[in-house]
Every structure is written in structure tokens, then in C-alpha cells.
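Spelled out from the first residue to the last, the chains are:
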Amino acid sequence: MKTLKFRKFLAEEILGGRKNVTWRLFDDKDLSVGDTLGLVVWESGEKFAEAKIVNVREKKLGEIE
């Protein structure tokens, strides 16, 4: 299973329903719509949730708002 790492404070935001979007630079995981991911706390390596990708947008760095 593919994984995404988040800092502890962001993991808490995800679990609280306040964060549901993320962005990655230079990510080589070949993520696509429909993938199921394990979400991991960066500091501890602990898996805290699973998520499914429902949308992907690619932007050039200068286009990020």
C-alpha cells in the first residue's frame, strides 16, 4: 500500500475533519484517482488512517495559490 506522511499536528487536523487536501512537490509515488493510501505520522511512523484519492490536480509551481 502506498503511504503519505504528515507531521503530527497535520494528522490531528485530518482526524478532526479540518484537513482533506494535500499537495506534494517532486512526488514519485505515481498517485492516481482511486488509490488507497496509508496515512502515517512523520515523526513516529505510526499509521493513523487510510484514505482514498478522489481527485488529482497537477499545477506548475508558479500556479499554486
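Read on for a plain summary of the structure. Every chain is numbered independently, its residues counted from 1 as its sequence is written. A pLDDT threshold of at least 70 governs which residues receive local features in this predicted model, and a stricter bar of 80 or more applies before side-chain atom pairs are shown or counted, although totals over entire chains, interfaces and linings include all residues. By convention in this description, side-chain values take in all heavy atoms of the structure and omit both hydrogens and water.

1. Re the pairing of strand 2 (residues 36-41)
Phase 1: Burial classes: relative accessible area under 20% of the type maximum marks a residue as buried, over 50% as exposed, and values in between as partly exposed (1.4 Å probe, protein chains only). Strands here mean DSSP runs of E at least two residues long; helices mean DSSP runs of H or I at least four residues long; both are numbered from the N terminus. Of all the 6 residues making up strand 2, 5 are buried; the element is thus mostly covered by neighbouring parts of the structure.
Phase 2: Strands pair, by our definition, only if DSSP identifies at least two bridges between them. Of the strand pairs in this sheet, strand 1 (residues 2-6) and strand 2 are connected by 5 bridges, and their pairing is parallel. In the sheet register, F6 faces strand 2, and the bridge partner there is V41.
Phase 3: Where the polypeptide runs from strand 1 across helix 1 (residues 8-15) and back to strand 2, its parallel neighbour, the crossover connection is right-handed.
Phase 4: The pairing of strand 2 with strand 3 (residues 47-52) spans 5 bridges and is classified as antiparallel. Its bridge partner lying in strand 3, G38 is registered against E50.
Phase 5: Hairpin connection, strand 2 to strand 3: the antiparallel pair is bridged by 5 residues, and G45 has positive phi, about 80°. Handedness of a crossover is defined as follows: with both strands directed away from the viewer, a clockwise route from the first strand across the helix to the second makes it right-handed.

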